[in-house]
Each structure stands twice: as structure tokens, then as C-alpha cells.
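# Residue-level structure breakdown
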Amino acid sequence: MNLFKKSLKPSWTFPRSPENSNKKIWRLLPGSGILAVELRDVDKKEVEFAGIDLNTGAPLWQNLQLEEKWWVNINKIYQDVLLLQQFVRPDMPQPGKIFAVDIFTGKILWQDEAVEFLNAADGRVYGIRRTFQSEEVIGLNPKTGEAEIALSVDDPRSRVLNNVFEPEEYSLPVPLEEAEETRHGDVANVAHVFPAGAKSPTIIKSSSGKEVAGYHVQSGTDGKGIQTFDSLIKIADPDGKVIFEDRADSGVYTTLQDFYFVVNEELIYVRNSNEVVAVKLDDK
């Protein structure tokens, strides 16, 4: 494969500094033109968070660490607030303290160690507060953490906690078989980008008509004889011509489909677990 010998090239990458090379990018979450990044140093058992500009890849804030160095992760972005979730016990990851971070500055707005995060909807961050005798659902102000409503777990208004909101700002991969069923054959001109034996093939159709394709291929076995895979990504123009391709990762053990997404006509994926890559899909 001649990587990048096509008409499209990455518009930016992150991290760019050598000192970040030992950190693995664990999760990405876009919101309000910002990309929240969770980076983990698996040797030191430390996690930190960063916010980067989706248009340029420039860091807006970085190196955010909490007192708990490992058992905390990105949960959700809601109303320009990044919600981080700490776990109660490492051997039993029950949700614990909530941290609310301003997505634009990386400043911690508030924290609550008495409420376990459940959902964010209808203008509030919802969690459950337990005592020895009872439990109740608490609705918190996203900006201040102030408790604005308390509900019984049996209260019909608590049904908002079951709402599953599809992301509005970004598009996730769709399995190829599902796309072929729902799009009535209009993916036929891009099906050729998947080689024989491709595992978990997925696609995203951009607003500009380009198709982003992701899949895995068997790459061999590790020292214990366990099968490994490479994850690959391609972009095809509306005529089906491949105009970009890259190997996102090598020697992985699963064929998870969610290693890339599209936001604001920009492909975002992680390369080799330590670099975010962006490729603009429109012609602007």
C-alpha cells in the first residue's frame, strides 16, 4: 500500500511534541468545535486530558490531571461542559465522583462526589445519590453543579435518564451490510475498496459525497499465538476512486468498528494509539 500517494493528505495531527509519544490516546469526543482527548500512560498508570481545536489541531489546553491519576475517564460533553467520571474502586468500577470541565479552557467548574453520573438531558446533569436508607435522582446545573431538582427513582420524570441521544455534531461508522440495506445499493461504487477477507467493514458517507471506509485485516499472531489485526481506513470520491488511505493501527486484538468518525466534514481517527489525524473531506 502506498500510503498518502493519493490526492488527499492529513490537514493536521496531534500530539506533535515528542514528549507525548509514551501516552496512548484512549478516547476522543467532539463538541462545539473542540476535540476532547483522553491520554493514558499505561506504564505509569496516569491519565490526562486535553482539548484541541478541530479546525487546526492546535491545543487549547492540555495536561489536565486530577488527584485520582488513573481511575477516571471521559464520559460526555454537554452544553460545552466536559463530564469526567471517577470510579469508586479500581477492582469494581462503580461510578463515583463527577468532574465538570469547561470545554474551551480546561478549567474545572465543579465536582460532586456524592452523585453517581447517569445522564445529561433537558438542561441538567443527572445522577443518583444514595444513602443507607434511600436513593434519589438529582438534577444538577451543568455550569455550576447546583442541585436543581430531586426525584424519586420511581418518579415518571426520571424516564429522561433512559433517553439515548444520537450525536448531532458527528457521524459514526455504519456496518457495510446495514448501509447496503438502508441506502438501496448506492454504496455499490465504493464496495470495491474493501479487500477480500476484510473484517468488520464500515462506512460513513460525508455531506460532500465522499465515502469513508474502515475495516480490519488479519496481520498474524503474537508471541502467544493469538490472532492480531491491522485497522485500515480509506476515502473514496463520489465516483468510487480511492483518494486517501492509511493504516490506523497494527497488531490489535479486536475488530472494533468505532476507531474513526466524521465531524464538520472532517475525518478524525487515531493512528498507532498515539496520534490524532484529521483529513478534510470538503473542497473548502
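Attention here is on the structure that accompanies the text.

Summed over all chains, the structure comprises three aromatic pairs. Relative to Y260, the ring of F259 lies with its centre 5.1 Å away and its plane at 65°, an arrangement referred to as edge-to-face. Residue classification places Y260 among the buried residues on the basis of a relative accessible area of 0%. Above the ring of W70, the side-chain terminus of R40 is found at 4.8 Å from the ring centroid.

Taken together, E177, E178, E180 and E181 make up a surface patch of like negative charges. Within the fold, E177 resides in helix 1 (residues 176-182).

Right, let's talk about the sheet that holds strand 21 (residues 266-271) for a bit. Read from one edge to the other, the open sheet built from five strands follows the order 1-22-21-20-14, with strand pairing classed as antiparallel. Unpaired on one side and paired on the other, strand 1 (12-14) and strand 14 (170-171) mark the two borders of the sheet. Both strand 14 and strand 20 (residues 260-263) contribute to a ladder of two bridges, which runs antiparallel. Bridge assignment links Y170 to a residue of strand 20, and that residue is V263.

In space, the four strands of this open sheet follow the order 2-3-4-5, with antiparallel pairing throughout. Unpaired on one side and paired on the other, strand 2 (24-31) and strand 5 (59-64) mark the two borders of the sheet. Averaged over all neighbouring strand pairs, the angle between strand axes comes to 15°, with direction disregarded. With eight bridges connecting them, strand 3 (residues 34-41) and strand 4 (residues 46-53) associate as antiparallel partners. The residue of strand 4 that forms the bridge with L35 is I52.

Time to look at the environment of E245. Along the chain, E245 falls in strand 19 (residues 242-252). In this structure, the C-alpha to C-alpha distance between E245 and K234, residues eleven residues apart in sequence, is 4.2 Å.

Of note, R271 is situated in strand 21. Judged by its relative accessible area of 14%, R271 is buried.

A few words now on unusual backbone geometry. For N264, which is not glycine, the phi dihedral falls at a positive 50°. Position of N264 relative to the elements: it lies in the loop between strand 20 and strand 21. The backbone phi angle of N272 is positive, close to 55°, even though this residue is not glycine. Among the secondary structure elements, N272 is positioned in the loop between strand 21 and strand 22 (275-280). Residue classification places N272 among the partly exposed residues on the basis of a relative accessible area of 37%.

About the thresholds
Residues numbered from 1 in each chain as written. Predicted model: local features only at pLDDT ≥ 70, side-chain atom pairs only at ≥ 80, totals over all residues. Heavy atoms only, no water. Phe/Tyr/Trp six-rings, centres within 6.5 Å; stacked < 30°, edge-to-face > 60°. Buried < 20%, exposed > 50% of the residue type's maximum accessible area, 1.4 Å probe, protein only. Lys NZ or Arg CZ within 6 Å of the ring centre and 35° of its normal. Patch = residues over 30% accessible without salt bridge, like charges linked within 9 Å, V, L, I, M, F, W, Y side chains within 5 Å. Areas by Shrake-Rupley, 256 points an atom, 1.4 Å probe, with all protein chains shown as cover. Salt bridge = Lys/Arg side-chain N within 4 Å of Asp/Glu carboxyl O. Lys, Arg positive; Asp, Glu negative; His and termini not counted. Charge placed at Lys NZ, Arg CZ, Asp CG, Glu CD. Helix = DSSP H or I, 4+ residues; strand = E, 2+ residues; numbered from the N terminus. Pairing = 2+ DSSP bridges. Axes fitted to C-alpha atoms, helices over the stretch in contact; angles between N-to-C directions.

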